[in-house]
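The primary structure of each chain is shown beneath.
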Amino acid sequence: EASTLAVRRGKDIPKLVRDTVGALGGMAKFVKPGSVVVVKPNIGWDRSPEQGANTHPAVVRAVVEQVLAAGAARVQVFDRTCNEQRRCYKNSGIEDALASLGDKVRVEHIDERKFVPVEVARGKALTELSIYRDALEADCYINVPVAKHHGLSRLTLGLKNSMGVLGGNRGQMHHGLGQKLADLATVLRPTLNIIDATRMLMDNGPQGGRLEDVKAGNTIIASVDPVAADAYATTLFDLQPADIDSTVAAYNMGLGEMDLAKIKVLTA
């Protein structure tokens, strides 16, 4: 069957997230009552929401609200940041955006003791990775990356966002990054991918800093298929899926569809 993807555009972020996920059947299709859910945004950088380096806090809040409405018992939100963690969590706006949602929601600072070795049986470039245990053990893992430019990989989208659950020296990932991200995707399979393209960092990524590098995209993309989601998001930057090494590598490993003609796109 063709991979299915939902895309919506608009400036009302809560409605935008709700409508996009709704086109796939709604959050209750993915989150069961009583489940433990991990929502994994990009919180890697000490940047404000306007600078586009992290997932928009309003997108993260909207996703978490839907997860709670679907009956989740507990929601964990975390990222292994590149800049100092407390500053990233605070200045991204994500910590404050979730503060009023109650005791079921925990914005968790990374605990180094929780990284566990995982065999990458299908890996072509990797045989083992250190992965955050909570990401592996959650009943539902929702990947919520921001769509932006990246100096090394051209773009950082859903597949690359999973680097935020890796322990150890992540710098070792950068040689042959595309294949290594595909290898990671064989052992960490999100239940749902929701790409935030509400504002897009078009240059000087992944950290950015200049507001003139940010473009209003007003778009949310959602799919169970991580390759399809990344493939479609790539076109927002006037690139093609074949331009992104991780997309090609993941497609070649049978992890999803990158041929836009074979992806069923649900639009409003």
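First, a word on what this report is: a plain description of the structure on this page. This is a predicted model, so every value here is computed, not measured.

1. As for the environment of Leu255
Checked against the element boundaries, Leu255 lands in the loop between helix 9 (245-252) and strand 12 (263-266). Along the sequence, Leu255 and Val165 sit 90 residues apart, while their C-alpha atoms lie 19 Å from each other.

2. Structural notes on helix 8 (residues 226-234)
Think of an α-helix as turning once every 3.6 residues; residues three or four places apart then point the same way. Where burial is concerned, most of helix 8 is hidden: nine out of the nine residues are buried. Pro226, Val227, Ala228, Ala229, Asp230, Ala231, Tyr232, Ala233 and Thr234 are the residues of helix 8 that are buried. Residue Asp225 occupies the N-cap position of helix 8, its side-chain oxygen lying 2.9 Å from the main-chain nitrogen of Val227.

3. Side note on the environment of Glu95
Secondary-structure assignment places Glu95 in helix 4 (residues 94-98). Judged by relative accessible area, which is 26%, Glu95 ranks as partly exposed. Expressed as a C-alpha distance, the spacing of Glu95 and Thr219, which sit 124 residues apart in the sequence, is 23 Å. Residue contacts for Glu95: discarding those within four places in its chain leaves Tyr89, Lys90 and His109.

4. Side note on the side chain of Thr198
Relative to the elements of secondary structure, Thr198 occurs in strand 10 (residues 192-201). For Thr198, a relative accessible area of 6% corresponds to the buried category. Polar contacts involving the side chain of Thr198 include one to the side chain of Asp196, which spans 2.7 Å. Excluding anything up to four places from it in sequence, Thr198 contacts Ile13, Leu16, His56, Val59, Ala216, Gly217, Asn218, Thr219 and Ile220.

5. Comments concerning unusual backbone geometry
Look at the link from Gly205 to Pro206: it is a cis peptide, with omega at 10 degrees. Tracing the sequence through the fold places Pro206 in the loop between strand 10 and strand 11 (214-223). If you check the backbone angles, Arg154 has positive phi at about 75 degrees while not being a glycine. In this structure Arg154 comes out as partly exposed when scored by relative accessible area, which is 42%. Unlike most non-glycine residues, Asn218 shows phi in positive territory, near 50 degrees. Structurally, Asn218 is set in strand 11.

Basis of the calculations
Residues numbered from 1 in each chain as written. Predicted model: local features only at pLDDT ≥ 70, side-chain atom pairs only at ≥ 80, totals over all residues. Heavy atoms only, no water. Helix = DSSP H or I, 4+ residues; strand = E, 2+ residues; numbered from the N terminus. Buried < 20%, exposed > 50% of the residue type's maximum accessible area, 1.4 Å probe, protein only. Polar contact = N/O pair within 3.5 Å; in protein donor to acceptor, adjacent residues only side chain to side chain. Contact = heavy atoms within 4.5 Å.

Keep in mind these values describe shape, not function.
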